[in-house]
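Here is what each chain is made of, one letter per residue.
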Amino acid sequence: MATAAQWLEGARPRTLPNAIAPVLAGTGAAAAIDGAVWWRALLALGVSMALIIGVNFANDYSDGIRGTDDDRVGPLRLVGSGLATPAAVRAAAVACLAVGAILGLILAALSAWWLVLVGAVCLAGAWFYTGGSKPYGYSGFGEVAVFVFFGLVAVLGTQFVQAGRIDWAGAALAVGVGSFSSGVLVANNLRDIPTDTETGKTTLAVKLGDTRTRTLHLVLMAVPFGMTLVLLARTPWALAGLLAVPLAVRANAPVRADRSGLELIPALRDSGLALLAWSALSAVALWLGT
């Protein structure tokens, strides 16, 4: 039986910046149009965190029963390691996704009914990333899904449930957050190219190959700072986002240096830190610029 510490590791806490950052960015965007509501932001954070932990357990379950995680490089996987039964990990995934769904229903009831439909699509995206007979994560669409769900939907959804509308600044933040979030996944899949190729998991990294995947990571680390320049049209405070450049450079360093295997884990960690820093700095900048 897995210990509490192993369950915590299986939840992949290092991915939490991908859940926290879009809520920070969306709240900053809402504040910029005088619509920030702190308790709605907390509800949105609950939805985001429940969904990402649910996704992580769902991936652990689905990859584990397929044998994809039997010989992997990287953090602990509960099913693949044999520390937890598939049924237990599946139950954890369903429980987390259910919490996210309940909190999402509350937000929809307080703002707009059609958000229920958006939530349903998000839940389906969470499960079928690696679940089902034809998981889209095995066909190279994982990065696109992360960009959409943890970038566009999460940031603009957070702005909307607080301010009742979205704007172009929120969209710029959503593109930046989505790019960083996708960059985290690109670094992860770059590390796993050898094992994913062997097990038939055709990620975008497998399709692009090692060299082009490394170039993609660099591009994704750079796009948010392009959005920083776009946000200058709203406020000069947006330049604060450039303070996250050193973190992005550090995140890309192992990728540029042709590191592989466990040596790429710092790229995942630092991509997440760059995401969190840029989102926080940009959110505060928009708030100061109101």
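Residues numbered from 1 in each chain as written. Predicted model: local features only at pLDDT ≥ 70, side-chain atom pairs only at ≥ 80, totals over all residues. Heavy atoms only, no water.

A. Quick peek at the overall build of the protein. Along the protein, the regular secondary structure elements total 13 helices and 0 strands. Scanning the protein from its N terminus toward the C terminus, one meets helices and strands in the order α-α-α-α-α-α-α-α-α-α-α-α-α. The C-alpha atoms of the protein give 18 Å as radius of gyration, which agrees with the globular expectation for 290 residues (19 Å, within 12%). Principal-axis analysis of the C-alpha atoms places the extent of the protein at approximately 50 × 45 × 30 Å. Sorting the 290 residues of the protein into buried and exposed places 51% on the buried side. When contacts within the protein are restricted to residue pairs at least 6 apart in sequence, those whose partners lie at least 24 apart make up 76%. (Helix = DSSP H or I, 4+ residues; strand = E, 2+ residues; numbered from the N terminus. Rg over C-alpha atoms; globule rule 2.2 N^0.38 Å. Buried < 20%, exposed > 50% of the residue type's maximum accessible area, 1.4 Å probe, protein only. Contact = heavy atoms within 4.5 Å.)

B. Just helix α8 (residues 168-191), in detail. Taking 1.5 Å of rise per residue, 24 residues should cover 34 Å, and α8 covers 35 Å from first to last C-alpha, within 8% of that figure. Counted residue by residue, α8 has 21 buried out of 24 residues, so it is predominantly covered. (Expected span 1.5 Å × (residues − 1).)

C. Focus on helix α2 (residues 17-32). With 16 residues, α2 extends 22 Å between its outermost C-alpha atoms, agreeing within 8% with the 22 Å of an ideal straight helix rising 1.5 Å per residue. Among the 16 residues that make up α2, 13 are buried, leaving the element largely enclosed by the rest of the structure. After α2 finishes, the residue Asp 34 shows a positive phi value of roughly 55°.

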